[in-house]
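Residue strings, one per chain:
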Amino acid sequence: MFTTVIPRDLREAWMCKGFGSSLNGPALQWYTNLPNNSICSFAQLTDTFVEQFANSRKPERDSQHLNTIRQESRESLREYIARFNKEKVSILNLNTETIINAFRNGLHYGSDLYKELTKFPCKNFENVLAKAWTHIR
């Protein structure tokens, strides 16, 4: 790959042209549909892009989201574990105790696993899963 010097007066135009090469899908479609001469600077382009796509981003979830996950009435324990783990990995900086409590509280109230985890609490989530798998077999 080679480098070249871009004259100062053309840098804005190059940045705007290069911006499109970093896009795909709906963002690229939006970019190609911009009317000619509708953007005057790279700053305007980025501001317009953010205005258009800021709401498309999924909101970040926090640890409280785990407390909303409940085992459905006809959901097997295996399915609940899979769904819980899928949600758990999407949340950053989780406290182990929070994970364990949310998992237990989401189980069918009064189930054998719920009773076991309440009576004999685990120190880590791996032990919780190990107990859960014994209830699946």
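Quick note: structure is the one above.
The rules behind the values
Residues numbered from 1 in each chain as written. Predicted model: local features only at pLDDT ≥ 70, side-chain atom pairs only at ≥ 80, totals over all residues. Heavy atoms only, no water. Helix = DSSP H or I, 4+ residues; strand = E, 2+ residues; numbered from the N terminus. Buried < 20%, exposed > 50% of the residue type's maximum accessible area, 1.4 Å probe, protein only. Phe/Tyr/Trp six-rings, centres within 6.5 Å; stacked < 30°, edge-to-face > 60°. Salt bridge = Lys/Arg side-chain N within 4 Å of Asp/Glu carboxyl O. Axes fitted to C-alpha atoms, helices over the stretch in contact; angles between N-to-C directions. Parallel < 35°, antiparallel > 145°, perpendicular 65-115°, else oblique. Left-handed = near helix turned anticlockwise from the far one by under 90°. Contact = heavy atoms within 4.5 Å.

### Observations concerning unusual backbone geometry
No. 1: Even without being glycine, asparagine 37 reaches a positive phi, approximately 60 degrees.
No. 2: Turning to its location among the elements, asparagine 37 is positioned in the loop between helix 2 (25-32) and helix 3 (42-53).
No. 3: Take asparagine 37: its relative accessible area is 78%, and that puts it in the exposed class.
No. 4: Backbone geometry at asparagine 93 places phi at a positive 55 degrees, although glycine is not the residue there.
No. 5: Position of asparagine 93 among the secondary structure elements: in the loop between helix 5 (77-88) and helix 6 (96-106).

### Structural notes on the packing of aromatic side chains
No. 1: Counting across every chain of the model gives twelve aromatic pairs.
No. 2: Ring centres 6.1 Å apart and planes at 55 degrees place the aromatic pair phenylalanine 19 and tyrosine 31 in the tilted group. Of this pair, phenylalanine 19 sits in helix 1 (residues 11-20) while tyrosine 31 sits in helix 2; the two residues are twelve residues apart in sequence, bridging distant segments of the chain.

### A look at the pattern of salt bridges
No. 1: Counting across every chain of the model gives two salt bridges.
No. 2: Between arginine 61 and glutamate 87 there is a salt bridge, and its shortest N-O distance comes to 2.5 Å. In this pair, arginine 61 is assigned in the loop between helix 3 and helix 4 (63-66) and glutamate 87 in helix 5, connecting sequence segments 26 residues apart.
No. 3: Arginine 83 is the partner of glutamate 75 in a salt bridge, and the nearest nitrogen-oxygen pair spans 2.8 Å.
No. 4: Exposure remark for arginine 83: the relative accessible area of 28% places this residue in the partly exposed category.

### Topic: the packing of helix 7 (residues 112-119) against helix 8 (residues 125-136)
No. 1: Closest axis-to-axis distance for the helix 7/helix 8 pair is 10 Å, and the angle between their directions is 150 degrees. When the axis of helix 7 is compared with that of helix 8, the two are roughly antiparallel. Relative to helix 8, helix 7 is oriented so that their crossing is right-handed. The residues of helix 8 that touch helix 7, namely those facing Asp112, Leu113, Glu116 and Leu117, are Val128, Lys131, Ala132 and His135.

Purely geometric stuff here, so don't read any function into it on its own.
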